[in-house]
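This is what each chain is made of:
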Amino acid sequence: LFFPYSIGIENVNEDFFKKYRTSKNPLIRYLANQMYQMQVKGIRNAKTIINTEFLGSTTEAFREIDVKPKNIPVPFVYPFEKVNKNKFSKNLRFALQKINENDFVIVCHSRHQWICPKNFIKKEWKDVSKNNDWLIKSYGEFLRLRPNANSLLILFEYGEDYLQSKQLCEKLKIESKITWIPCMDRKEILQIIKCSSVGVGEFYDKDIMWGGTAWEIISKGCPLIQGLRIN
């Protein structure tokens, strides 16, 4: 079974990987293209190939490598398992304690990816960035307008730019109103979402339907804030 994780298919036509395949460094270019050939071979040998992005670069990538996947929407999440509080991790207990101390809690468990790499031009990066900084800056503006609000923003140490997100929180002087959580099991993240006031997905600046992050928020009956621009 092959199920692509990255938009454009990892090691095929994903935006970051394409840069390596056309690198000016011959060794990087050679290795990247070898990885490409191996990935394509593996995909073609898979018995079942699934595509959840019916329009866009993932569908185009399958077309380029002459593969016809089964088009299936992102599966819904059905979190019906009973929660065993005795098995909660230390990080989950800490997060739930912080939630109980605040009246309004925002949670965002999306990957932090918003700093433009050196090998991308701004026009290219515009279609790749998750724009996590929009959430942080907007929350900072909310606190400026409502300085006495008993609120909290929960973020996760996940993604290549989470350290830059922490620096942005410090620059805006709102770090005391942010709780950072290490990466944890999905079942525990769902418990944090369930206890939060609102969940935030991603803010792609192009026509991309939401994926698993948003469905997880919706599955717990939590209101969702999601960037979605359909022309």
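Above this text sits the structure in question.
Read on for an overview of the structure. This one's a predicted model, so the numbers in the text were calculated from it and none came from an experiment. (Residues numbered from 1 in each chain as written. Predicted model: local features only at pLDDT ≥ 70, side-chain atom pairs only at ≥ 80, totals over all residues. Heavy atoms only, no water.)

Thoughts on the environment of Lys-166
Locating Lys-166 in the fold gives a position in helix H8 (residues 162-171). A C-alpha to C-alpha distance of 19 Å links Lys-166 and Phe-94, two positions 72 residues apart in sequence. With sequence-adjacent residues up to four places away left out, Lys-166 is seen in contact with Glu-157 and Trp-180. Separated by 2.7 Å, the side chains of Lys-166 and Glu-157 make a polar contact. (Helix = DSSP H or I, 4+ residues; strand = E, 2+ residues; numbered from the N terminus. Contact = heavy atoms within 4.5 Å. Polar contact = N/O pair within 3.5 Å; in protein donor to acceptor, adjacent residues only side chain to side chain.)

Considering the packing of helix H7 (residues 132-145) against H8
Two measures define how a pair of helices packs: the angle their axes make with one another and the distance between the axes. H8 packs onto H7 with a crossing angle of 20 degrees between their chain directions and a minimal axis gap of 10 Å. It follows that H7 is roughly parallel to H8 by the angle criterion. Two packed elements cross with a definite hand, and for H7 against H8 that hand is right-handed. The segment H7 lies against H8, with Asp-133, Ile-136 and Lys-137 engaging Ser-165, Leu-168 and Cys-169. For the contact of H7 with H8, the class distribution of residues is 3 nonpolar, 1 polar and 2 charged. (Axes fitted to C-alpha atoms, helices over the stretch in contact; angles between N-to-C directions. Parallel < 35°, antiparallel > 145°, perpendicular 65-115°, else oblique. Left-handed = near helix turned anticlockwise from the far one by under 90°. Nonpolar A, V, L, I, M, F, W, Y, C, P; charged D, E, K, R; others polar.)

Let's talk about the packing of aromatic side chains
Here the structure, examined in full by the defined rule, presents 7 aromatic pairs. Residues Trp-134 and Phe-203 carry aromatic rings whose centres are separated by 6.2 Å and whose planes lie at 40 degrees to one another, so their mutual orientation is tilted. Separated by 69 residues along the polypeptide, Trp-134 in helix H7 and Phe-203 in the loop between strand E6 (198-200) and helix H10 (212-219) bring together distant segments of the chain. Taking 6.0 Å as the distance between ring centres and 20 degrees as the angle between the ring planes, the aromatic pair formed by Tyr-139 and Phe-142 counts as stacked. (Phe/Tyr/Trp six-rings, centres within 6.5 Å; stacked < 30°, edge-to-face > 60°.)

Focus on the nonpolar core
Taken as a class, soluble globular proteins show a tendency for nonpolar side chains to be buried jointly. Within the largest apolar cluster, 18 residues are counted, with the highest numbers of intra-cluster contacts made by Ile-154, Phe-156, Met-184, Ile-192 and Ile-193. Mapped by element, the contributors of at least two residues to this core are helix H5 (90-100), strand E3 (104-108), strand E4 (151-156) and helix H9 (186-195). In this view, Ile-192 contacts Leu-92, Ala-95, Ile-99, Val-107, Ile-154, Phe-156 and Met-184; residues no more than four positions away in its chain are not counted. Formed by 17 residues, the second largest nonpolar core is a distinct cluster that contains Ile-136, Leu-143, Leu-155 and Val-200. (Core = buried A, V, L, I, M, F, W, Y, C linked by side-chain atoms within 4.5 Å. Buried < 20%, exposed > 50% of the residue type's maximum accessible area, 1.4 Å probe, protein only.)

Quick notes on unusual backbone geometry
A positive phi is found at Asp-66, a non-glycine position, where the angle reads about 60 degrees. The topology assignment puts Asp-66 in the loop between helix H4 (57-64) and strand E2 (70-71). Located in the positive-phi region is Lys-173, a residue other than glycine, with phi close to 60 degrees. Along the chain, the position of Lys-173 falls in the loop between H8 and strand E5 (178-181). Judged by its relative accessible area of 71%, Lys-173 is exposed.

Quick look at the pairing of E3
The element E3 is extensively covered by neighbouring structure, given that 4 of its 5 residues are classed as buried. Bridge analysis of E3 against E4 gives 5 bridges, and the strand direction is parallel. Bridging across to E4, Val-107 finds its partner in Ile-154. Across 2 bridges, the pairing between E3 and E6 is parallel. By the bridge assignment, Ile-106 is partnered in E6 with Val-198. (Pairing = 2+ DSSP bridges.)

Description of the pattern of salt bridges
If you walk through the whole model with that rule in mind, you get 10 salt bridges. Residue Arg-111 is joined to Glu-160 by a salt bridge in which the shortest nitrogen-to-oxygen separation is 3.8 Å. Of this pair, Arg-111 sits in the loop between E3 and helix H6 (122-125) while Glu-160 is found in the loop between E4 and H8, placing the two residues 49 residues apart along the sequence. Judged by its relative accessible area of 44%, Glu-160 is partly exposed. Across the pair Glu-202 and Lys-130 runs a salt bridge, and its minimum N-O distance is 2.7 Å. Here Glu-202 is found in the loop between E6 and H10, whereas its partner Lys-130 is found in the loop between H6 and H7, with 72 residues between them in sequence. (Salt bridge = Lys/Arg side-chain N within 4 Å of Asp/Glu carboxyl O.)

Describing the side chain of Gln-113
Here Gln-113 lies in the loop between E3 and H6. Residue classification places Gln-113 among the buried positions, given a relative accessible area of 4%. With residues up to four places along the chain from it excluded, the contact list for Gln-113 reads Phe-16, Trp-125, Val-128, Ser-129, Lys-130, Asn-131, Asn-132, Glu-160 and Asp-161.

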